[in-house]
Amino acid sequence: MFHIFQYQPLRLITQNSLSSMCLKLMLSRPVAFAQIWKSWFSSHSLLGKKNIILMGPPGAGKTTTGRLVGQKLDCPVIDIDDDVLETTWNMSVSEKLQDVGYEEFLEEEGKALLTVSASGSVISLSGSNPMHAAGMQHIKKNGIVVYLDVPTTVIMNRLKSKGMDRIVGLSPGISLKDILQFRKQFYKRWFDIRVLCGGDVAAEVVAEKVLDAVKRYQDSELETFVSTRSSRSGRSTEEDFHKLYFSDVVTQGLALDGGLFVPERGLPKFTAEEWQGLIEATYIERAQVILERCIHPADIPASKLAEIIETAYGENFSCSKVAPVRHLAGNQFLLELFHGPTASFKDFALQLVPHLFAYCIPRSCNYLILVATSGDTGSAVLDGFSRLHDTDKQRIALVNFFPEDGVSPIQKSQMIACQKENAWSVGVKSDFDFCQTAIKQIFTNSDFTGFLTVEYGTALAAANSINWARLLPQIVYHASAYLDLVHQGIISFGSPVDICIPTGNFGNMLAAFYAKMMGIPIRKCICASNENNVLTDFIRTGVYDLRGRKLISSFSPAVDILKSSNLERYLHLITNENGQLVTQLFNQLENQGHFQLQKDLLGKLQQDLVAGWCSDEDCLAAIHSVYSTTGYILDTHTAVAKVVADQLQDRTCPIIISSTAHYSKFAPAILRALRIAEINQNPLSQLHLLSSYSALPPIHWGLLETLKKTGNGDHQVCAADMSVLMSHIETLIQNHFMKSRPLSTSTVFLVASLFISLLMPGWRPGKRWCWEAGSSGENSTGWECGTEPGWARGTLLSLPLARQKGIPSSICWPRSQPVPWLQGKHLTPSPCADNRGTDVALEEHTLSTTFLSVHRLHPRTISGNRWRLGTKLSPAQWSPEHILKNAVVEFTSLWIHQIHMLIFLPFDDRNHSDKHCACALWKAVLGLPKGAKMSGSPERVSDITLSLLLSAINTRLSPYLVLYTTLASLKW
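Residues numbered from 1 in each chain as written. Predicted model: local features only at pLDDT ≥ 70, side-chain atom pairs only at ≥ 80, totals over all residues. Heavy atoms only, no water.

The name that an unreviewed UniProt entry assigns to the chain is Threonine synthase-like 1, with the source organism given as Lamprotornis superbus. What UniProt records for the chain under Sequence similarities (unreviewed entry) is the sentence "Belongs to the threonine synthase family." The UniProt entry for the chain carries the following comment under Cofactor (unreviewed entry): "pyridoxal 5'-phosphate". (UniProt positions renumbered as here; feature names shortened; annotations may be inferred.)

Structure below.
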């Protein structure tokens, strides 16, 4: 066996921290192996005992780069070809390939790779090593795989110039390009980090990129998010402690202070060489590269992200190019964003985001997605979440609010037809601005969100463009459009383009600006509005004024918006991330209906943005004109952008017009623009009439199929009232997540009684519960008692402590607000006999409602603490009898519903006192005397309790068996 070990001094890992790591790994959802060792790896040197494994096609420069990286790290370097294969075979690789043939060579090469055992080294794989699964699994166990991604044409030129003839798989009838393309699927399977390597990049530069990529992989704690309304200078200790990562912002949606999440360190930058390396790439390949740089692998590993992207942009898009660029006329080009299943640009985000969301949320929670739409979002989000796996659909539901009379008939038909068993559309008798504002208010209503979490085990999340994950896919298609123009020879890389986008909520426009920040040479972003031209006025004057404005219904309903949510992210950027100023501006907008930018900020804004608007008449005239001259039919929103582009472009560079929807969705307006006198009111008949024109693009296949299935579909309609909306939300949660309880109360009681009598002979009805709290301190000793509304504090049931340790704040109560079900109630403290803390006697008359926490580990990081509130108990329920009864109920329905583990306590591996809480819990459950002793340390009791009970969750074992095994494991 081939051995190389690099011994370096390592920190000692205490038994306690090792136990904690094992416990946390057990609690976490399944993640990639690299994610598991990353937390340990990052606390040591760059390399430690792990290997850096360089992978890529032949000619990628793995050998040279490996030697340079080894020199910089002063560690051994292994070249698989030279140091392993040829040494093992006593012949050159080309001779071996010629001797045994292609298939046998791969097997022999894989066997040789299995003999490699190295530590603290840089390993350069052969180009064909990734094709042997067992060999790669072996070599990856002790390392991080770095993929040197070099464009195929560059590789071909390099190989031809070197006259290399030992490429595995090369034979008559099979081209070199085909082989290189075929191998990409194997590279994608194994890599942890991708490093883009252009054609003219020096090996020294590539080596530095590898080191930077490895550092980024380890330093995941730096890629955090902040609110647009947070002040960096005034950040609290709590904010520093409770950092937010990509996984958090995907699920949380809106910040607690009402702001929107943005990356604290900004967006990643691509060099010109890196962008040029993507010119020949497919849309899916471009998306993978860009999103890998925006999403840390600790949140979503590269292999999983690739799987999600391929699912999102696969057969559900009717065009293989996904987002093709088409020449319209002169220097104008259309970016066609309507080839997704629901015929609008929203599909790009909403075919991807549901899978990101499902991966990021904990398995033990139910989530209800709230969406407000002005038209296209509704059907797109319904369709996207309907494509989740069945197991995900059981724990993720969605409600879509839309203005009942503010969308086109076809859009409404789409939303009704796209309703599924876990997704509903609710019409609101108001406009989009009300719907969007209502959702924001619901998210910031801590009483309501906390009530839903505690009462139903359901958290709320957003899928609107306010969600950060919605913006990332939009960045991709703006970048891809520019690269397509370069690939088509329209421009050379570096030449500027303008982009014109019909926008109301500013999300699509913001994504284009983000693409510019990441290195795409966009000169001007042109904002196109209809008669609801508040954005146009703002960009021209710096005054955002809603006073006296009323929303005007137009032929382009998706931009019938007055409050542009994503504008807040842009202002946060140009104010140098001044959260206080952003807060001031938007509070003024909310309270007074207007705000004004300072002159210097207006100057910055006008360097990036220009704006214009058009009337409905001009919109219809543009549709007719373009069809008459080109045979191409624009939808009403694209026509708005076309009119504004004609007004504002200077024709010195190409302009890319975002075609955000298919004209089929707005058939009545299109037929009117085409001068059709009599229009049938049936949407399906309208589409058939449009199809008779044989225009470009053809009628959208997905839309046509959806309308055929609509039939007499129905939907709910509600008044424009916050309380009514909240009532709808609660009812939907009840109907979906709580509709199936497998056992009746009487049956459960009998089972619980039998269970208690068999396993807990020391228990008797009416026995008082004593909880032993831990060490001293304001937030960890006893309770804050009294009749005044406020907090219940303590190790076991402390909201402030839980919030400090990372409970999502959306389900916590601010210190200044009372917890409704603790008002006027007493918690009685009593002295502790063993001086380890405080025993709190919980009697039926002293507590109206309290909480038990369900501990979960966030999928992002091993080192983080994440908590989720569990279930509330009424006074009559606070007894061993009722707790065990409810435990049986919840364990029985666990596999269908939310986990409400009433016998759990919050455990913090860094807080020794919580280990004693585990002992106290089992004493109480077993009815043992207060002074009873348990053999083994509190840590052991805690670990056994958690490991066995949580194993039941993951493996779906019988909870009764697990509880019995747990009790048997504790020797009293």
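A. Up close: the sheet that holds strand β13 (residues 396-403). The sheet built from five strands is open, its strands ordered β15-β12-β13-β14-β22 with parallel pairing. The sheet terminates laterally at β15 (458-462) and β22 (716-718), the two strands that pair on one side only. Each strand axis lies, on average, 25° off the axis of its neighbour in the sheet, ignoring direction. Relative to β13, strand β12 (residues 366-372) runs parallel, the two sharing six bridges. Paired with Leu-368 across the two strands is Ala-397, which belongs to β13. Those strands touched by helix α18 (residues 376-386) are β12, β13 and β14 (423-428), and its axis lies near 170° from that of β13. (Pairing = 2+ DSSP bridges. Helix = DSSP H or I, 4+ residues; strand = E, 2+ residues; numbered from the N terminus. Axes fitted to C-alpha atoms, helices over the stretch in contact; angles between N-to-C directions. Contact = heavy atoms within 4.5 Å.)

B. Looking closely at the side chain of Thr-706. By the secondary structure assignment, Thr-706 is in helix α33 (residues 701-710). By relative accessible area, which is 16% here, Thr-706 ends up buried. Filtering out sequence-adjacent residues up to four positions away, Thr-706 remains in contact with Gln-414, Ala-417 and Cys-418. (Buried < 20%, exposed > 50% of the residue type's maximum accessible area, 1.4 Å probe, protein only.)

C. Representation of the sheet that holds strand β10 (residues 325-329) in the model. With respect to topology, six strands assemble into an open sheet ordered β10-β11-β21-β16-β17-β20, the strand pairing being mixed. What marks the edges here is a single partner per strand, and that holds for β10 and β20 (609-613). Neighbouring strand axes in the sheet, compared pairwise and without regard to direction, differ in orientation by 30° on average. The pairing of strand β11 (residues 332-336) with strand β21 (residues 655-659) spans five bridges and is parallel. Residue pairing for β21: Leu-335 is matched across the bridge by Ser-658. Helix-sheet contacts for helix α28 (residues 599-608) involve β17 (522-529) and β20, and the interaxial angle to β20 is about 75°.

D. Local environment of the packing of aromatic side chains. Under the counting rule described, the total for this entry stands at 23 aromatic pairs. Their ring planes at 40° and their centres at 6.0 Å tell us that Tyr-313 and Phe-348 sit as a pair that is tilted. Within this pair, whereas Tyr-313 is found in the loop between α15 (302-312) and β10, its partner Phe-348 is found in helix α16 (residues 346-350), the two being separated by 35 residues in sequence. Of the residues examined, Phe-348 reaches a relative accessible area of 0% and is grouped as buried. A ring pair is formed by Tyr-544 and Phe-595, whose centres lie 5.6 Å apart and whose planes are at 15°; its orientation type is stacked. Of this pair, Tyr-544 sits in strand β18 (residues 543-545) while Phe-595 sits in strand β19 (residues 594-596); the two residues are 51 residues apart in sequence, bridging distant segments of the chain. Phe-595 carries the same exposure label as Tyr-544, and that label is buried. Its end group placed over the ring of Phe-270, Arg-293 keeps NZ or CZ at 4.2 Å from the ring centre. (Phe/Tyr/Trp six-rings, centres within 6.5 Å; stacked < 30°, edge-to-face > 60°. Lys NZ or Arg CZ within 6 Å of the ring centre and 35° of its normal.)

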